[in-house]
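Structural overview for review
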Amino acid sequence: MSSDNLQSHSLPKGTYGYSAISLDDLGASQYTLVTLVVDCSPSVEDYLRQLEQAIKTIVQGCGHQQNPYAENTLIRVVSFAHDIQEIHGFKLPTECKEDDYTNCLRSRGSTALYEASENAISATTDYASKMSDWDFTVNGIVVLLTDGDNNVYSTSKSDVLQASKKAMKTEALESLMTILIGVGLDDYPELAEELGKFKDEAQLTQFIEIGKLTPSVFSKLANFISQSISQTSEALGSGHASTLLDLDF
Amino acid sequence: MNSDHAFRIGAGHKVCEDFAVSGKTEDGEVYTFLSDGCSGSKNTDIGSRILCLLAAKRFKEDNEDNESTFLSSARIVSGLIGMKTHCLDATLLSAWTKKDKVFIQMFGDGAFAFKIKTENFIRIMTFNYAKNYPFFLNYKANESLLWGWNRIKGNAFDFTQIILNEDKTTKEEPLPTARSSQVTFNVTPVGTDFTFNKSIIDFAIIMSDGAHSFCEIQTTETSKESLPIPYKEVLGDLLSFKNFKGKFVERRVNKFLNNYKKRNRHHIDDFSMGVIYVGKK
């Protein structure tokens, strides 16, 4: 995907940084930083096209002309397996094209859930800090979608916790919501337990459990994420975090 | 070129009587108008809106009607919505570009500021009336109000030029007495005009007198008191623009107020500010 107009930023920890629109190109007074982090390990291979469709739906919703926050949202999409691939950095959803997400996900081995989580949270904190220095008011939402437990050990739960704590401590971010979504849990009940522990130990905001991925579930999931993003945008400027939504199947 | 504005209600008010607008015309000229309604008159929150919106409409339509016609229009609008003309007892501060000039006009109290491209400081002109009875444009349409205002004793008109350096240090300076080919001005108690050659101006700011009303709450074990924050300190903290893109005044005011809130600082009076940006920083 073309990211020609985005600038690269490095992060203190890890190999991976992030990219984002130049601050010079931002005109609004406040922004919600949205990061979608999608698992691309081999077990989701059968669902990759549905996941891409869900991303399209979410990004389209963010950038829809009737969305009052379309010009106040910057969205970043990341896939992970053994590595982390930034599909695109923080950019206005109105500048994202639907076709750009066709075949954007590619199945790879392993599940670097912790590293991807740490990168997503740290990138949000880092960019928010740079934005705040330029007077922007910023909050954030990170959505982590996975069907497996972490099995890459370059980053620990403790690293994710440190990233969460730093995000909560920084004055640059008015609030940060981190939503962990575990999918396909019917077949692996112990995974729900592991992800629940990860949510607690890394001090993530919310853990959503999804038993099976079906076309209707994908639709509900996209809707849930879109609504969570809207709530976060709506809360911006109030000084408070947004309300947690429930996803009921 | 760009323009933007912000207005915020003060802690001592139930309704925000300040209002501001800004924008760009089809020809690319930029403008901002702000008005601070008199708390002693009724419905001046509406009057300040009428004055600003009408001024913006007149400017966008390139309507060169005179003050008298402008005031008549404002009084007709207020009458149409069931308001008495007292609602127009409000200041009107304006800044706009037209061809190769930048214009600033003030009726009432408040301040305007500008930065000249070749200077590395901001010049702030603050206007006060000793008894806090500013002149309102509306008085020009009502002889008895004008007569009454002229009869107020001790309401001396006074203005100060403050130089605000990049390191936030300040000093006061008199207005230059020698006329320059780049700037012309006319300062009177019933209206002030400044005209600049656009080529020399970086940006121009208009502000209501709410910037004078910032205070800090200080608490001890036995007391809680509100101490005024020096105006020059407020100016230094407020006018540190990071860039001039999009909603740059909204951003600056939000950040400034958030920082002050963390330090138990707030403004009692309503506060408004409009800025036109002409050149590169």
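Up top you'll find the structure we're talking about.
Attention here is on the structure that accompanies the text. (Residues numbered from 1 in each chain as written. Chains lettered and ligands numbered in written order. Predicted model: local features only at pLDDT ≥ 70, side-chain atom pairs only at ≥ 80, totals over all residues. Heavy atoms only, no water.)

**Thoughts on the overall build of chain B**
Counted only if it meets this: Counting from the N terminus, the helices are the DSSP runs of H or I reaching at least four residues and the strands are the DSSP runs of E reaching at least two. Based on C-alpha atoms, the radius of gyration is set beside the globule rule, defined as 2.2 Å times the residue count to the power 0.38. We call a residue buried when its accessible area falls under 20% of the maximum for its residue type, exposed when it is over 50%, and partly exposed in between, using a 1.4 Å probe and counting protein chains only. Contacts are assigned to residue pairs with any non-hydrogen atoms lying within 4.5 Å of each other.
A tally of helices and strands in chain B yields 5 helices and 16 strands. Here the C-alpha atoms of chain B give a radius of gyration of 18 Å, agreeing with the 19 Å that 2.2 N^0.38 yields for 281 residues. For chain B, the C-alpha atoms occupy an extent of roughly 55 × 45 × 35 Å along the three principal directions. Taken over 281 residues, chain B has a buried fraction of 54%. A separation threshold of at least 6 residues defines the contact pool for chain B, and within that pool the share at least 24 residues apart is 67%.

**Details of the layout of surface pockets**
Where empty space is left in the structure can be found by rolling a water-sized probe over the atoms. Put simply, the rule is: Cavity means a closed set of points on a 1 Å grid over the protein atoms alone, one where a 1.4 Å probe fits but cannot get out, pocket means an open set with protein on both sides within 12 Å along at least 5 of 7 lines, and lining means a residue has an atom within 4 Å of a point. Grid points are joined across faces, edges and corners, and a volume is the space filled by probe spheres set on the points. Note on residue categories: nonpolar means Ala, Val, Leu, Ile, Met, Phe, Trp, Tyr, Cys or Pro, charged means Asp, Glu, Lys or Arg, and polar means any other residue, Gly included.
Of the voids in this model, the largest pocket is the one considered here, and its volume is about 760 Å³. What lines the largest pocket is a set of 31 residues, and nearest its centre among them are Glu174 of chain A together with Asn254, Leu257, Asn258 and Lys261 of chain B. Residue assignment for the lining of the largest pocket shows that the elements contributing at least two residues are strand 6 (137-146) and strand 7 (173-182) of chain A together with helix 5 (248-262) and strand 15 (265-267) of chain B. The greatest single-element share of the lining of the largest pocket, amounting to 10 residues, is contributed by helix 5 of chain B. Split into classes, the residues belonging to the lining of the largest pocket amount to 10 nonpolar, 12 polar and 9 charged. For the second largest pocket, the calculated volume is near 440 Å³. Taken together, 19 residues make up the lining of the second largest pocket; nearest its centre are Arg58, Asn63, Asp65, Trp96 and Gln105 of chain B. Of all the secondary structure elements, the ones that give two or more residues to the lining of the second largest pocket are helix 1 (44-60), helix 2 (67-80), strand 4 (92-98) and strand 5 (101-107) of chain B. The dominant element in the lining of the second largest pocket, judged by the number of residues it contributes, is strand 4 of chain B, at 4 residues.

**Observations concerning the sheet that holds strand 15 of chain B**
Residue and element names in this part refer to chain B. The condition that has to hold: For two strands to pair, DSSP has to find at least two bridges joining them. Convention adopted: a line fitted to C-alpha atoms gives each axis, helices being fitted over their contacting stretch, and angles between N-to-C directions are expressed from 0 to 180 degrees.
In space, the 3 strands of this open sheet follow the order 14-13-15, with antiparallel pairing throughout. A strand with exactly one partner marks an edge of an open sheet, and here the two such strands are strand 14 (224-228) and strand 15. For this sheet, the mean angle separating the axes of adjacent strands, direction not counted, is 35 degrees. The pairing of strand 13 (residues 214-219) with strand 15 spans 3 bridges and is antiparallel. Within the sheet, the bridge partner assigned to Cys215 lies in strand 15 and is His266.

**Considering the pattern of salt bridges**
Two side chains of opposite charge can pair, provided their charged atoms sit close to one another. We apply this condition: The salt bridge definition used is simple: a Lys or Arg side-chain nitrogen within 4 Å of an Asp or Glu carboxyl oxygen.
A complete count under the given rule lists 24 salt bridges over all chains for this structure. The salt bridge partner of Glu52 of chain A is Arg49 of chain A, with a shortest N-O separation of 2.7 Å. Taken together, the residues Glu52 of chain A and Arg49 of chain A, both in helix 1 (residues 48-63) and 3 residues apart, mark about one turn of the helix. One salt bridge connects Lys232 of chain B with Glu172 of chain B, and the closest N-O pair in it is separated by 3.0 Å. Of this pair, Lys232 of chain B sits in helix 4 (residues 231-238) while Glu172 of chain B sits in strand 9 (residues 170-173), and the two are 60 residues apart along the sequence. Overlapping salt bridges, with partners in common, bring together Glu119, Arg123, Lys171 and Glu173 of chain B in one network.

**A closer look at the interface of chain A and chain B**
Defined as follows: Here's the idea: put two parts together, see how much 1.4 Å probe accessible area each one loses, and the total over both is what we call buried area. Here a polar contact is taken to be a pair of N or O atoms separated by no more than 3.5 Å, where protein atoms must pair a possible hydrogen donor with a possible acceptor and residues adjacent in sequence count only if both atoms sit in side chains.
Listed per partner, the contact involves 14 residues of chain A and 12 residues of chain B. Buried area between chain A and chain B, summed over both chains or domains, comes out near 1100 Å², and the portion from carbon and sulfur atoms is 46%. For chain A, the biggest contributors to the area lost against chain B are Ser29, Trp134 and Asp135 of chain A; these three give 47% of the whole. Taken together, the links from chain A to chain B amount to 3 salt bridges. Across the pair Asp135 of chain A and Lys242 of chain B runs a salt bridge, and its minimum N-O distance is 3.3 Å. Between chain A and chain B we count 7 residue pairs in polar contact (both at pLDDT 80 or more) in total. Classifying every residue of the side of chain A that touches chain B gives 5 nonpolar, 4 polar and 5 charged.

**Considerations on the side chain of His9 of chain A**
Residue and element names in this part refer to chain A. By the secondary structure assignment, His9 is in strand 1 (residues 6-9). Polar side-chain contacts of His9 include one of 2.9 Å to the side chain of Lys130. For His9, the residues in contact, after removing those within four places along its chain, are Gly17, Tyr18, Ser19, Ala20, Asp126, Tyr127 and Lys130.

**A look at unusual backbone geometry**
Residues and elements named next belong to chain A. Here the phi dihedral of Asn103 falls at roughly 60 degrees; this positive angle occurs in a residue that is not glycine. Mapped onto the elements of the fold, Asn103 is located in the loop between strand 5 (84-91) and helix 2 (113-133). We note that Asp135 has phi near 80 degrees; this positive angle belongs to a residue other than glycine. Structurally, Asp135 is set in the loop between helix 2 and strand 6.

**What to know about the packing of aromatic side chains**
The line we're drawing: Here a pair means two rings of Phe, Tyr or Trp (six-membered ring of Trp) with centres within 6.5 Å. Their orientation is stacked below 30 degrees between planes, edge-to-face above 60, and tilted elsewhere. A ring is considered to have a charge above it if a Lys NZ or an Arg CZ atom is located within 6 Å of its centre and within 35 degrees of its normal.
Considering all chains together, one arrives at 37 aromatic pairs over all chains under this definition. Between Tyr139 of chain B and Trp149 of chain B, the aromatic rings sit 6.4 Å apart at their centres with planes inclined by 45 degrees, giving tilted as the arrangement. Placement of Tyr139 of chain B in the loop between strand 7 (121-129) and helix 3 (143-150) and of Trp149 of chain B in helix 3 is noted, with a sequence separation of 10 residues between them. Tyr139 of chain B gets classed as buried once you look at its relative accessible area, which sits at 11%. The positively charged end of Arg76 of chain A is found above the aromatic ring belonging to Phe90 of chain A, 5.9 Å away from the centroid. Stacked on the ring of Tyr260 of chain B, the Lys or Arg Arg265 of chain B has its end atom at 4.9 Å from the ring centre.

**Quick word on the nonpolar core**
All names here are of chain A. Definition in use: Residues grouped as a nonpolar core are buried Ala, Val, Leu, Ile, Met, Phe, Trp, Tyr and Cys residues, joined through side-chain atoms within 4.5 Å.
With 45 residues, the main nonpolar core has Leu26, Leu74, Tyr127 and Met131 as its most contacted residues. Non-local contacts of Tyr127, meaning those with residues more than four positions away in its chain, are made with His9, Tyr18, Ala20, Ile21, Leu23, Leu26, Leu33, Leu74 and Phe90. Among the nonpolar cores identified, the runner-up in size contains 37 residues, and Leu51, Met177, Ile179 and Leu245 belong to it.

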